[in-house]
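Coordinate analysis (summary)
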Amino acid sequence: MKNPALKPEASFETIEEAVERLRAMLATCSSLRNAQMAVEKLSSFHEEVFLDLEAKLLQLQIKDKAKLVLETAPVWEALYDEHPSNEVIIRQLVSSLVKRNRVEDARELMDRHYPAHAEGRQILLIRAAMLERIGAYDESYTLYQELIAAEPEDVRARTHFATRIAKRGRFADAIEMMDPIADSLTLGTDKELLLDEWRQKVSCLRRLAPDRDLRGLDCRLLSLECLMEKYANREVRTPSKKQRIALVTGGLGAGGAERQLSRLASLLKSEYDGLDTVSVVVKTLLQNEIKPNDFFLPNLEADKIDVVEIEAMKPVPASRQIELDEDCQILYSMLPPQIHYGVTRLAPYYRDEKIDVASVWQDGATLYGALAALFAGVPKIHLVFRGLPPSVRTERERPEYEIMFRAMAKMPGVTLICNSKLVAVEYARWLDLPDDEVKVLYNAVTHCEAAVAPEDEQKWLDFSRKTENATATLGGVFRLEPLKQPGLWVKFAGEYHSRFPDTRFILLGDGRLRELLEEQIEQLGLTNNFLLVGRTRSVGFWYEKMDVKVLLSQFEGLPNVLIEAQAAGLPVIATPTGGSSECFIEGETGYILDDVEKPDMSAACEKVRELATRFQSDPTASNMARGFVGERFSDEQSLRTFIQLCEA
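Going along each chain's sequence as written, the residues are numbered from 1 onward. Where totals are concerned, whole chains, interfaces and linings use all residues; where local detail is concerned, this predicted model gives features only for residues with pLDDT of at least 70, and gives and counts side-chain atom pairs only at 80 or more. The basis for the side-chain values is all heavy atoms of the structure; hydrogens and waters are excluded.

We now examine the environment of Asp356. Summarising the element assignment, Asp356 is placed in the loop between helix H17 (337-352) and strand S4 (357-361). Look past the residues within four positions of Asp356 in its chain and what remains in contact with it is Arg237, Pro239, Ser240, Lys242, Gln243, Arg244, Val378, Pro379 and Lys380. A run of DSSP states H or I qualifies as a helix once it reaches four residues; a run of E qualifies as a strand once it reaches two. Both are numbered from the N-terminal end. Working rule for contacts: check all heavy atoms of both residues, and any pair within 4.5 Å makes them a contact.

Rendered as structure tokens:
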């Protein structure tokens, strides 16, 4: 039955037509940008459409694709309460819980509906799929194998299992799983075509790497190895007389790497005579609920620097960019997802813009920025690392990194760069390179302007009235994320306040842990002495209110905030991570603590008190801090070093 109420705001007349349109929209959500564009289109639907359950489920799945997980989570939970046996809702709620790092809750929900002791084969098949969804791969695959052993001719079980292991690059295993039922597949169907594609990939790898056993192997990684070998002795074209430079990173969020890259882009444009163009290339500027991704965009726009989004680029298959032999076409088609993403999107940009220097910042960006630069023939490629290598930061370790970095370290025209000596040495050790093979590019950090937004000024006035008896102010500037250990910072504040109750505390930054910190601050009885400023551009204003800057991170590269604080005349204290100890003069403008995760709190309190007292009473101490920053971390030294790396 047609519903006239739907006609004015939507281009369909029935709920059924609306549902079909939503299905089509969900199918387009293959990228974050497309998903967010689809979310915008949802507003054109009449509200009555989403009273229909199927339409509601499609709406929520589109929003999840756009990474609006925190928005959709309570709706999924409410729908589950209303429809506790709906399989779509159960699956999507499990996924939602996993995305919010609530894996144990996801597992409990799965076990409730699809228990391990279930007798029905259908339920166990769903359980196997759900186990994979929560990341229990070994358990999932074992269950699939048990089900297939019990009924070897079950096409559905074999197809489901083969498809899942193929998504993880195990094409040889997927073929072995499908071969017993291959004759039963109808020619031209998706399953038959998929099996043929896997066979082509495996055949290619067996030709190129005949000594490798492909059983249990992620063939995507082997394809990367094979392609890297092809560039081992690459011919490097002569760069243009005036350099065309692309600085590549994930986004422009409020991080140290993003700050440094943006600053360097501005310096190149204003100071480098050998420059033709400089652009900043980011994966996305799109916002999500956790991390705004355009913090430094206004700075670059003010300096009229082009900012290019990879997400907005139209993907072009490798074989359509340049002529490739059959083997190379297959190798490029089976690359790990993020690397394939860069080859199909970023490589055409490098080539069309005739980029001379692709400076790719941070490990994650190398996955889409590095091989794309080789493929496009960029003569100078920088891999710029900002923290300790994945061999140390094991939670970030991915096999692609070692394959790529080891190969590229020996290629003509490729330079590995770190922002501290300590990190450079660690990368050299990991990759079996001489220590001086990894170059050091220190950050360029200037004094933060003391300009203040009205809301920040009001926050300070309110806070200073509440804490008018305070004689010292300790501050921190960092994202409220796990690697910055904000909980440890608050614990330190509690210890310090118990010894020196005439102290107040200020934290600048925002993130996922804010609510937990607020609870922790309240439990420690520090609510009246503690100000969580949140995200702000008035950093210089807040530095003027501090006496000591404290950073207690678990991991760092070369923390800009330690340098900025000294540029403002503040002493600093930090955990011994990354290049933190290179950021100040030990015992003069700051102190390194004894441990990263469990520093001696008593010693930390004494060191902070000593710094606060000395810098308050001796103006020359602040001058020493400013002078040190001006000598080691100036715009001039950073720009000079970067240009040398571009022209070498």
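So, next bit.
Structurally, Thr467 can be placed in the loop between helix H21 (454-466) and strand S8 (472-477). Within the local environment of Thr467, its side chain forms a polar contact with the backbone oxygen of Phe463, the two atoms lying 2.8 Å apart. Contacts of Thr467, omitting those with residues within four sequence positions, involve Arg504, Asn528 and Asn529. Whenever a nitrogen or oxygen atom comes within 3.5 Å of another N or O atom, the pair is scored as a polar contact, on the condition that within protein one atom can donate a hydrogen and the other can accept it, and that pairs from neighbouring residues in sequence are kept only if both atoms are in side chains.

This brings us to the packing of aromatic side chains. Pairing of aromatic rings covers Phe, Tyr and the six-membered ring of Trp, with a centre-to-centre limit of 6.5 Å; geometry is then stacked below 30 degrees between planes, edge-to-face above 60, and tilted otherwise. According to the stated counting rule, one finds 23 aromatic pairs in the structure shown. Taking 4.1 Å as the distance between ring centres and 5 degrees as the angle between the ring planes, the aromatic pair formed by Phe385 and Tyr427 counts as stacked. Here Tyr427 lies in helix H20 (residues 421-430) and Phe385 lies in strand S5 (residues 380-385), a separation of 42 residues in the sequence. The exposure classification of Phe385 matches that of Tyr427, with both residues buried. Centroid distance Phe492 to Tyr496: 5.8 Å. Interplanar angle 45 degrees. Geometry classified as tilted. Taken as a pair, Phe492 and Tyr496 lie in helix H22 (residues 486-499) at a separation of four residues, close to a single helical turn. An aromatic cluster of three or more residues is present, and its members are Phe385, Tyr401, Phe405, Tyr427 and Trp430. Relative accessibility under 20% of the residue-type maximum defines a buried residue, over 50% an exposed one, and the middle range a partly exposed one, all with a 1.4 Å probe and only protein chains included.

With axes taken as lines fitted to C-alpha atoms, and helix axes fitted only over the stretch in contact, angles between N-to-C directions fall between 0 and 180 degrees. Between helix H2 (residues 32-42) and helix H3 (residues 53-65), the least distance of the axes is 8 Å, while the angle of their chain directions is 140 degrees. Between H2 and H3, the angle falls in the class oblique. The interaxial crossing formed by H2 with H3 has left-handed handedness. Where H2 abuts H3, its residues Leu32, Ala35, Ala38, Val39 and Leu42 lie against Gln59, Ile62, Lys63 and Lys65. Gly counts as polar in this scheme, as do all residues outside two lists: the nonpolar Ala, Val, Leu, Ile, Met, Phe, Trp, Tyr, Cys and Pro, and the charged Asp, Glu, Lys and Arg. Looking at side-chain class alone, the contact of H2 with H3 contains six nonpolar, one polar and two charged residues. Note that the term roughly parallel is reserved for angles under 35 degrees, roughly antiparallel for angles over 145, roughly perpendicular for angles of 65 to 115, and oblique for everything else. Left-handed is the label given to a crossing in which the near helix is rotated counterclockwise from the far helix by less than a right angle, and right-handed is the label when the rotation is clockwise.

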